[in-house]
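Structural overview
So you can see what is in the structure, the chains are spelled out below.
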Amino acid sequence: MQSPITLDALRALDAIDRKGSFSAAAKSLFKVPSALTYTIKKLEDDLSVVLFDRSKQKAQLTSAGKLILEQGREILIATDKLESAVKQLDSGWERNITISRDTIIPLAPLLESIFEFNKLEHDTNITISEESLGGGWDAMHSNRTDIAIGVSDHLPKGEYQIKEIGRVDFLFAVSQSHPLALIERPIEASDLLLYPSLIVSDSSLLLPTRDTGLFKSKQQIRFKTMQAKIEAQTMGLGVGFLPRHLIKQQLNEGILIEKKCTVPRVNPPLFIAWHKDNDGKACEWLTNELIKKTWLL
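Presented here is a report on the structure given in the accompanying data block. (Residues numbered from 1 in each chain as written. Predicted model: local features only at pLDDT ≥ 70, side-chain atom pairs only at ≥ 80, totals over all residues. Heavy atoms only, no water.)

**Side note on the pairing of strand β3 (residues 96-102)**
- A large share of β3 lies buried, amounting to six of its seven residues.
- Relative to strand β4 (residues 125-131), β3 is paired through seven bridges, and the arrangement is parallel. Counted as the bridge partner of Ile 97 is Ile 126 from β4.
- Following the chain from β3 across helix α5 (residues 108-118) to the adjacent parallel β4, one finds a crossover that is right-handed.
- The sheet contact formed by β3 and strand β5 (residues 147-151) spans three bridges and is parallel. Looking at the pairing, Ser 100 lines up with Ala 148 of β5. (Buried < 20%, exposed > 50% of the residue type's maximum accessible area, 1.4 Å probe, protein only. Helix = DSSP H or I, 4+ residues; strand = E, 2+ residues; numbered from the N terminus. Pairing = 2+ DSSP bridges. Right-handed = clockwise from strand over helix to strand, strands pointing away.)

**Here we look at the side chain of His 275**
- The residue His 275 is located in strand β12 (residues 269-275) in this model.
- For His 275, a relative accessible area of 9% corresponds to the buried category.

**What about a nonpolar patch on the surface?**
- On the surface, Leu 107, Leu 111 and Ile 128 cluster together into a nonpolar patch covering about 220 Å² of accessible area.
- Tracing the chain through its elements places Leu 111 in helix α5.
- Its relative accessible area of 43% is what places Leu 111 among the partly exposed residues. (Patch = residues over 30% accessible without salt bridge, like charges linked within 9 Å, V, L, I, M, F, W, Y side chains within 5 Å. Areas by Shrake-Rupley, 256 points an atom, 1.4 Å probe, with all protein chains shown as cover. Salt bridge = Lys/Arg side-chain N within 4 Å of Asp/Glu carboxyl O.)

**Remarks on the packing of aromatic side chains**
- Taken as a whole and judged by the stated rule, the model has five aromatic pairs.
- Between the aromatic rings of Trp 137 and Tyr 160, the centroid separation amounts to 5.4 Å while the plane-to-plane angle is 45°, which identifies the pairing as tilted. Within this pair, whereas Trp 137 is found in helix α6 (residues 135-141), its partner Tyr 160 is found in strand β6 (residues 160-167), the two being separated by 23 residues in sequence. The same class applies to Trp 137 and to Tyr 160, which are both buried.
- A centroid spacing of 5.4 Å and a plane angle of 75° characterise the contact between Phe 172 and Phe 241, whose relative ring orientation is edge-to-face. Placement of the pair is Phe 172 in strand β7 (residues 170-175) and Phe 241 in strand β10 (residues 240-243), with a sequence separation of 69 residues. We note that Phe 172, like Phe 241, is buried.
- Ring pairs connect the aromatic residues Trp 93, Phe 117 and Trp 285, which therefore count as one cluster. (Phe/Tyr/Trp six-rings, centres within 6.5 Å; stacked < 30°, edge-to-face > 60°.)

These figures capture arrangement, not role.
Spelled out as C-alpha cells, the structure:
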C-alpha cells in the first residue's frame, strides 16, 4: 500500500512552516496556492488527522503536523543528499549545495564567488541560507548546509574543516537622535538600564542557543538578522554593540555615533567551515574561493 506521506506533501509542509503562509509557500515552490491547499487537504483526509489549526488568522501546525514535519525534514534532507550523491557519482559535481551565511557576514563577497562559479557552467543548484550566532554550527550539525560562513567559537572537533576569515570589531553605537548621543563621557552600565537593548537571536534549531553581547537594560528587543538590528538601532529604537564593518556608511554620515562604553564586549574570530567528508567538486571549488575573500573590512 502506497503511503499518503509523499515527498511533495513533505515539501509543502516544510515550505508553509518556513514561509509562514500558504500563498508564500506556494510561490517558493512555483505552484499556485490552490494546488498547495489541495496537497495538504488530501494528506489530512488520507491520514484522518488535522495538520493545521485554521481557527486563527495564521494557520498553525497541530501536534500531528509538527510530528510529521519534524521527521519529514529528515526524509527531505536524506532524499536531497541521495539525489546529490547520484549526480556527483556521475560527474563529480554536486546537483545541490547549500551555503549558510551568518547575518554578521556581508553578502557581496559571497555573490561575487557564486558569479565566478557560474562561469564554470555546471548544473549545481545553490541555496543561500541565513543564520545567526550558533545557527551556522547547527546547520552543519543537522546537515542543512554544506558550507557555513561566519561561525564563531565553540568549534566542534574532528568533523569539519575550518578556516579563520577575520575577527569582528564590535563597537557601541547609538543613533544621532538617541539621548545617549549627548553624553560626552564613556557610557556606563547604569546608563543602559534606561533604554531597550537590541539583540540578534540565535537561529539554532537543534543545538543549544546562545547569546552574546548581553547587558542589563530596560527591555530586550530581538531580531532574526544583524541587518534588522542595525536598521532599528539607526532609528533610535534601542542601543547595543554593532560590527564596524557593517555600519561604516552610517558612521561616516553621522547617522550612528560611536561611543566609548565601559561594558566589555568580546571581539571573536569568525570562520568558514565545511564537512571533512564532502569531496564534491563544487564544495571544493567554492570553499577555495570563499577563503580568499575579504569579509570583515
